[in-house]
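The residues making up each chain are set out below.
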Amino acid sequence: MTVKEYLMQIILYDTRLKQKKLKLQRMREDCYSAKGLDTSKEKVHSSLSNGYNRIDKMVDYESKIKKDVENLFAIVRNLKKEGISVVFISHKLDEMMDITDRITILNNGKKVATVQTSDINEELLAEMVVGKTIKNKYPKVRYEKGETLLRFEHITLKNHLNDISFELKRGEVLGIVGLLGAGKTEIAKALFGVYGKGNDKLTGNIWFNGKNARYASPVEAVNAGIGYISEDRGGEGLQVNQAIDFNISLAALKHIRRGVFLDLKKEKAVNQKLIEKLQVKCESMKQKVTNLSGGNQQKVVIAKWFASKARIIVLDEPTRGIDIGAKVEVYKLINEMVEAGIGVILLSSEVPEVFGMADRILVLKDGQITGEYGMDEINKINETDLQRLVM
């Protein structure tokens, strides 16, 4: 091939690429116009909902609003019709089965298999992802409940929560289910002292063991025995550029010190025990958290609250961004929390997760509790019924 021929091929490739980009831009504008959205560059991002911003970026579609997911899938299918190939990366097996033609399964950074979607079902796909048979996605174990640990009384947060009241017992998993923006995270932060004691936007009472639990700060909440596993694992739950042992010790300093100094021997023993108990896959406890998988990062967050000897642990979207195998491991750790007498509040937009793991369920919609279901009521409904109540 001559230099001239080589350059002509580059020019031809560049022209075709530009044509595809223009076609994709026109499809995007058609989609926005159909939804009544502004397509101008200056206004497009401000006029889009969270879900549509994710569509525009084509990198993250974890919106729990079903309509947004359906719209994204419609765009993907249109791209396919136009002859554009799409690489779709996800932990969500049901969506992989819905939108793909061919699936490549990865496990621990290695390729397990490539299969035609039409040749497998969701159960087989889950087994290939995890590397073993999953007999029970939600391995709930029920324990006898103890005394009331926590009471929310008429908690209202301006523009977010309206007259929220509930109780949590020792050894209970209280599930609070609602869509994104329903107010779940605000409930967690109200308990964790994020809004402070004197904030006039937050009204009502919170009681923990009969004592006022309107904490002035998260530090005060931690010292009182409250643990909070944030939905933003990397931003709020972990110091990702620090080592595993540093993160586990962070909330447990009062338990691993001797006077004003850390008891390094005790710290190492506590950390090693928790790493083994929670089966954190790592090279050593000195490995940086940022180099762990999402599932193992979540285990480090949970280990931190075990180390702190928390009596109440709030889990906000605890299985977001982790694979099916890691999810089951997190559910088993919830069982261990309950067995240890810890009161657990499970906040999630995943209806099957709450339905499968909670002892009691509250439905949260637009900042209000619209329904409460104990075990007797839960046994009389199904996931579809609960999904309908949430929407």
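Thresholds, definitions, all that
The residue numbering used here restarts from 1 in each chain and proceeds along that chain's sequence as written. Per-residue local features are limited, in this predicted model, to residues with pLDDT of at least 70; the limit for side-chain atom pairs, both in listing and counting, is 80 or more; totals at the level of whole chains, interfaces and linings are taken over all residues. To get the side-chain values, all heavy atoms of the structure are used, and hydrogens and water are removed first. By convention in these notes, a salt bridge is any Lys or Arg side-chain nitrogen within 4 Å of a carboxyl oxygen on Asp or Glu. Strands here mean DSSP runs of E at least two residues long; helices mean DSSP runs of H or I at least four residues long; both are numbered from the N terminus. Each residue gets one of three labels from its accessible area relative to the maximum for its type: buried under 20%, exposed over 50%, partly exposed in between, using a 1.4 Å probe on protein chains only. Note on contacts: a residue pair qualifies if any of its non-hydrogen atoms lie within 4.5 Å across the two residues. Here the term cavity refers to a set of points on a 1 Å grid, laid over the protein atoms alone, in which a 1.4 Å probe fits but cannot get out; the term pocket refers to an open set having protein on both sides within 12 Å along at least five of seven lines, with lining residues being those that place an atom within 4 Å of a point. Grid points are joined across faces, edges and corners, and a volume is the space filled by probe spheres set on the points. Put simply, Ala, Val, Leu, Ile, Met, Phe, Trp, Tyr, Cys and Pro go in the nonpolar bin, Asp, Glu, Lys and Arg in the charged bin, and everything else, Gly too, in the polar bin. Two strands pair under a simple rule: DSSP has to find at least two bridges between them. Note on definitions: angles span 0 to 180 degrees between N-to-C directions of axes, and those axes are lines fitted to C-alpha atoms, for helices only across the stretch in contact. For a helix, the expected span equals 1.5 Å multiplied by the number of residues minus one. The reported arc concerns the directions from the helix axis to the C-beta atoms and nothing else. Each angle gets one of four labels, with under 35 degrees taken as roughly parallel, over 145 as roughly antiparallel, 65 to 115 as roughly perpendicular, and the rest as oblique.

**Student:** Any chance you could break down the pattern of salt bridges for me, citing the residues and the numbers?
**Tutor:** Applying the stated criterion to the full structure yields 22 salt bridges. Here Lys299 and Glu329 are joined by a salt bridge, their closest N and O atoms 2.3 Å apart. You can see Lys299 sitting in helix H12 (residues 294-307) and its partner Glu329 sitting in helix H13 (residues 324-339), a full 30 residues away along the chain.

**Student:** So what about the side chain of Glu317? Which residues, and what values?
**Tutor:** Looking at the secondary structure, you find Glu317 in the loop between strand E11 (312-316) and H13. A residue is classified by how much of its surface remains accessible, and Glu317, at 4% relative accessible area, is buried.

**Student:** Now, about the environment of Val173: what can you tell me, with residues and values included?
**Tutor:** In this fold, Val173 is placed in strand E5 (residues 173-177). Distance from Val173 to Val314, taken between C-alpha atoms, is 9.8 Å for residues 141 residues apart in sequence. When sequence neighbours within four positions are dropped, the list of residues in contact with Val173 reads Lys140, Ile334, Val338, Val344, Leu346, Met357, Ala358, Asp359 and Arg360.

**Student:** Could you give an account of the layout of surface pockets, with specific residues and numbers?
**Tutor:** Considering only enclosed or pocket space, the largest pocket measures out at about 1,400 Å³ in volume. Along the walls of the largest pocket sit 44 residues, with Ile89, Ser90, Thr104, Ile105 and Leu106 positioned nearest its centre. Counting only elements with at least two residues in the lining of the largest pocket, the list comes to helix H4 (66-81), helix H5 (93-99), strand E1 (102-107), helix H6 (122-130), H12 and H13. Take the lining of the largest pocket: its biggest share by element is six residues, from E1. Here the residues of the lining of the largest pocket sort into 19 nonpolar, 15 polar and ten charged.

**Student:** Tell me about the sheet that holds E11, and name the residues and values.
**Tutor:** One open sheet accounts for six strands, arranged E8-E11-E12-E5-E13-E14; its pairing is mixed. Every interior strand has two partners, whereas the edge strands, strand E8 (226-229) and strand E14 (368-373), have only one. Here the strands of the sheet are splayed against their neighbours by 20 degrees on average, with no regard to which way each runs. In the sheet, E8 pairs with E11 via four bridges, with the strands oriented parallel. Bridging from a neighbouring strand, Ile229 pairs with Leu315 of E11. H12 rests against E8 and E11 of the sheet, and its axis sits at about 175 degrees to E8.

**Student:** Go over helix H11 (residues 264-277), please, and point to the residues and values.
**Tutor:** Along an α-helix, residues three or four positions apart point the same way, because every turn accommodates 3.6 residues. Taking 1.5 Å per residue as the helical rise, H11 with its 14 residues ought to reach 20 Å, and the 20 Å between its terminal C-alpha atoms agrees with that figure. Within the sequence span of H11, burial applies to Glu267, Asn271, Leu274 and Ile275. Within H11, the buried residues cover an arc of 100 degrees as seen down the axis, which keeps them to one side. Exposed and oriented more than 90 degrees from the buried face of H11 are Lys265, Lys273 and Glu276. On its buried side, H11 packs onto helix H10 (244-249), strand E10 (261-262) and H12. Gln279 occupies a position one or two residues after H11 and carries a positive phi of about 55 degrees.

**Student:** Hey, could you go over the packing of H12 against H13 for me, with residue numbers and the actual values?
**Tutor:** Relative to each other, H12 and H13 sit at 10 degrees, their axes nearing to 10 Å. Overall, the two elements H12 and H13 adopt an arrangement that is roughly parallel. Of the residues in H13, those in contact with Gly295, Gln298, Lys299, Ile302 and Phe306 of H12 are Ala326, Glu329, Val330, Leu333, Glu336 and Met337. Taken together, the residues of the contact of H12 with H13 sort by class into six nonpolar, two polar and three charged.

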